[in-house]
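Results of the structural survey
Given next are the chains, with one letter for each unit.
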Amino acid sequence: MNSKTTKIIYWTGIVLTSLWFGASGFFELAKSPIVWGITQQLGYPSHFIYLLGVFKVAGVIVLLIPNKLLRLKEWVFAGVFFDITFAFISKICVLGFPATIDAIVAFVMVSVTYLMFRKIYTATYTNTIQAN
């Protein structure tokens, strides 16, 4: 896969992830009855829903800044994976397998996006400990 294709897949994934999690975060912060109803049905408290909204919106802002904050983007991807994992587990336990389809789709989409992120921004590590 060439560099141009990798970047197209990456930015398509970033836009779709940002739309998905940005909308979710907005609806959590706006106290949308549908989003709040489902989240509370899964057993999460009100204060947690607000925190999810704040972190999702902040994460989307970080993801949309090109070529900057790469370490922070790693944390955003980790947070998104945690969110998807917890949503999947909560939904399968409370609502049943059919309710998990969105989490499965999100996991695949974000996984492909993260793989493209790693192809574009390869991690380089240096030894910062020096002998005396």
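Below is a short write-up of the structure. (Residues numbered from 1 in each chain as written. Predicted model: local features only at pLDDT ≥ 70, side-chain atom pairs only at ≥ 80, totals over all residues. Heavy atoms only, no water.)

This paragraph deals with unusual backbone geometry. One non-glycine residue with positive phi stands out, namely Lys31, at about 60°. Among the secondary structure elements, Lys31 is positioned in the loop between α1 (3-29) and α2 (33-41). You can call Lys31 partly exposed: its relative accessible area is 47%. (Helix = DSSP H or I, 4+ residues; strand = E, 2+ residues; numbered from the N terminus. Buried < 20%, exposed > 50% of the residue type's maximum accessible area, 1.4 Å probe, protein only.)

One pass over the structure, following the stated rule, counts four salt bridges. Arg118 serves as the salt-bridge partner of Glu74, at 2.1 Å between the closest nitrogen and oxygen. Note that Glu74 is positioned in helix α4 (residues 70-94) and Arg118 in helix α5 (residues 101-120), a separation of 44 residues in sequence. A relative accessible area of 24% places Glu74 in the partly exposed class. One salt bridge in this structure joins Lys91 and Asp102, with 2.6 Å as the shortest N-O distance. Pair noted here: Lys91 is in helix α4 and Asp102 is in helix α5, with a separation of 11 residues, a long-range link. Of the residues examined, Lys91 reaches a relative accessible area of 13% and is grouped as buried. Shared partners join several salt bridges into a network, and the residues in it are Glu28, Lys56 and Asp83. (Salt bridge = Lys/Arg side-chain N within 4 Å of Asp/Glu carboxyl O.)

This next bit is on α5. Over its 20 residues, α5 runs 29 Å from end to end, which matches the ideal 28 Å to within 8%, given 1.5 Å per residue. Among the residues making up α5, those that are buried are Ala103, Ala106, Met109, Val110, Ser111, Thr113, Met116 and Phe117. Buried residues along α5 sit against α1 and α4. (Expected span 1.5 Å × (residues − 1). Contact = heavy atoms within 4.5 Å.)

Working definition: an aromatic ring pair is given by the centre-to-centre distance plus the angle between the planes. Within the structure shown, the criterion is met by 14 aromatic pairs. A ring pair is formed by Phe81 and Phe107, whose centres lie 5.7 Å apart and whose planes are at 70°; its orientation type is edge-to-face. One end of the pair, Phe81, is in helix α4; the other, Phe107, is in helix α5, and 26 residues separate them in sequence. The exposure class of Phe81 is buried, given its relative accessible area of 19%. Judged by its relative accessible area of 41%, Phe107 falls in the partly exposed class. (Phe/Tyr/Trp six-rings, centres within 6.5 Å; stacked < 30°, edge-to-face > 60°.)

Quick look at the environment of Phe88 now. In this fold, Phe88 is placed in helix α4. Exposure remark for Phe88: the relative accessible area of 28% places this residue in the partly exposed category. Each C-alpha atom, one on Phe88 and one on Thr100, is 5.5 Å from the other, the two residues being 12 residues apart in sequence. Sequence-distant contacts of Phe88, that is, excluding residues within four places in its chain, are made with Thr100, Ala103 and Ile104.

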